[in-house]
Structures are given as structure tokens and as C-alpha cells.
Amino acid sequence: MDLASALGGGGARGLAHFGVLQVLWEAGIFPKALAGTSMGAIVGGVYSVGQDLNCVLRVLSSLDLRKARGLLPSTRSVAEEAIVESLIGRVRRRPWWEVNSAVLAVDVSAPRGPEPHSFVDVALRAYDIAARALQEHQIRRARERLGENFLLIKPEVGHTGLLDFALLPEAVEAGRAAAQTVISELKNR
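Since the structure is predicted, the reported quantities are computational estimates derived from the model, not experimental observations.

Draft legend 1. Region of interest: helix α6 (residues 119-146). Taking 1.5 Å as the rise per residue, α6 with 28 residues should run 40 Å; its terminal C-alpha atoms sit 40 Å apart, in good agreement. Among all positions in α6, only R125, R132, I139, A142 and L146 are buried. Residues of α6 that are buried in the fold lie against β3 (103-106) and β4 (150-153). Where α6 terminates, the next one or two residues include G147, which has phi positive at roughly 55°.

Structure, rendered in C-alpha cells:
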């Protein structure tokens, strides 16, 4: 099966992508192309270079991911370069929506927050509204271009905040549950 996956951002919420990719792997479905934003790019990069996701999750579970954000700049840049090179190698010539593939998009966006009460809250809400409008536009375009070859899943990570890395097991399980809902459809295609 030819499948391309588009993985969204979201900080700790994006850890749900591990669960999605685990379920695909277990079902014998291997994405031909991956595209990712932010955490989706990191998870996609780990997957693209052939890392055992269960092993990676065991390592991540033993780390204090809040402290791991403070990597030395040289270490961080080497890791970023490796991930970017891996992703570029996977989707080098065409964007994910032009790959002749049962694109599976994963949306881990956060629910809208409380009403704004300060100038900073208003600025953050404006950014959120613009980002959501752009995302909805991209999803509409993908559906127009791909028709029935476009699937969208939304792992239930509403309770997980951007920096709630301690909720790794919950995020992964939310990704697994969301992916399970489309496995039979993917196999039938």
C-alpha cells in the first residue's frame, strides 16, 4: 500500500504520533512518505531513519523531557540536521499532497483556550485563530486534491499541554487509539 503521512506539531501533544506510527507498523502499513511540523517532524524523522519506536519510547519514558530541552546548541543542531536530512530524503522531489498515495493526516491541535483577559492573551488568541484558519484551508485543499485518498485522524490529546512531556504514555495511547479507527480502511485500500 502506498501511504503518505502528514504529522502535525503541538509539543508534547505531538508525542501521539508515536502511537499512530506504532499501530501502522503493527498492521504492516509503512508510509512511503512522511511530512511533519515541529514535533511531527521530530517523530517522523525518528521513524524515517529506521529507529525502533518501542525502544525510543522506553528511552523517552526514562528521561525528564522538560530538562532535555536544554541541550547544548551544538548537540541540538546535529540532531536537527540529521532529522531534516532524513525527512528531505523521504519527500525530496514532491510535497506530500502530490505523492500518489491513502494520505493519513494527524491533527494534534489544542482546543481553543479560555477567553482572553489581557493583551498577551488577545495576541495569543489572534495567532491561534490565524493558525487554525490556515490549517483548515490546508485540510480542505488536501481533501479537494486527494478525495477519498485523504484520511484525517485527531488523537484525543485535549488534556495534554504544549510542555506536558510527562504525559508521554497518555499521548502515545491517544495516537494508538486514533490510528486503530482507520486501520481496516487503510488495509482495504
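Draft legend 2. Representation of unusual backbone geometry within the structure. For S38, which is not glycine, the phi torsion reads 55° and is therefore positive. Tracing the backbone through its elements, the reader meets S38 in the loop between β2 (33-36) and α2 (39-48).

Draft legend 3. Broad picture of the sheet that holds β3. Read across the open sheet, the 4 strands follow the order β2-β1-β3-β4; overall the sheet is parallel. Looking at the sheet topology across the chains shown, the edges are occupied by β2 and β4. Each neighbouring strand pair of the sheet contributes to a mean axis angle of 15°, computed without reference to strand direction. For strand β1 (residues 4-7) and β2, the ladder comprises 4 bridges, and the chain directions are parallel. The residue of β2 that forms the bridge with L7 is G36. Its contacts with the sheet put helix α1 (residues 16-26) on β1, β2, β3 and β4, and the angle it makes with β3 is roughly 150°. The sheet strands contacting α2 are β1 and β2, and the helix crosses β2 at an angle near 155°.

Cut-offs and rules
Residues numbered from 1 in each chain as written. Predicted model: local features only at pLDDT ≥ 70, side-chain atom pairs only at ≥ 80, totals over all residues. Heavy atoms only, no water. Helix = DSSP H or I, 4+ residues; strand = E, 2+ residues; numbered from the N terminus. Expected span 1.5 Å × (residues − 1). Buried < 20%, exposed > 50% of the residue type's maximum accessible area, 1.4 Å probe, protein only. Contact = heavy atoms within 4.5 Å. Pairing = 2+ DSSP bridges. Axes fitted to C-alpha atoms, helices over the stretch in contact; angles between N-to-C directions.

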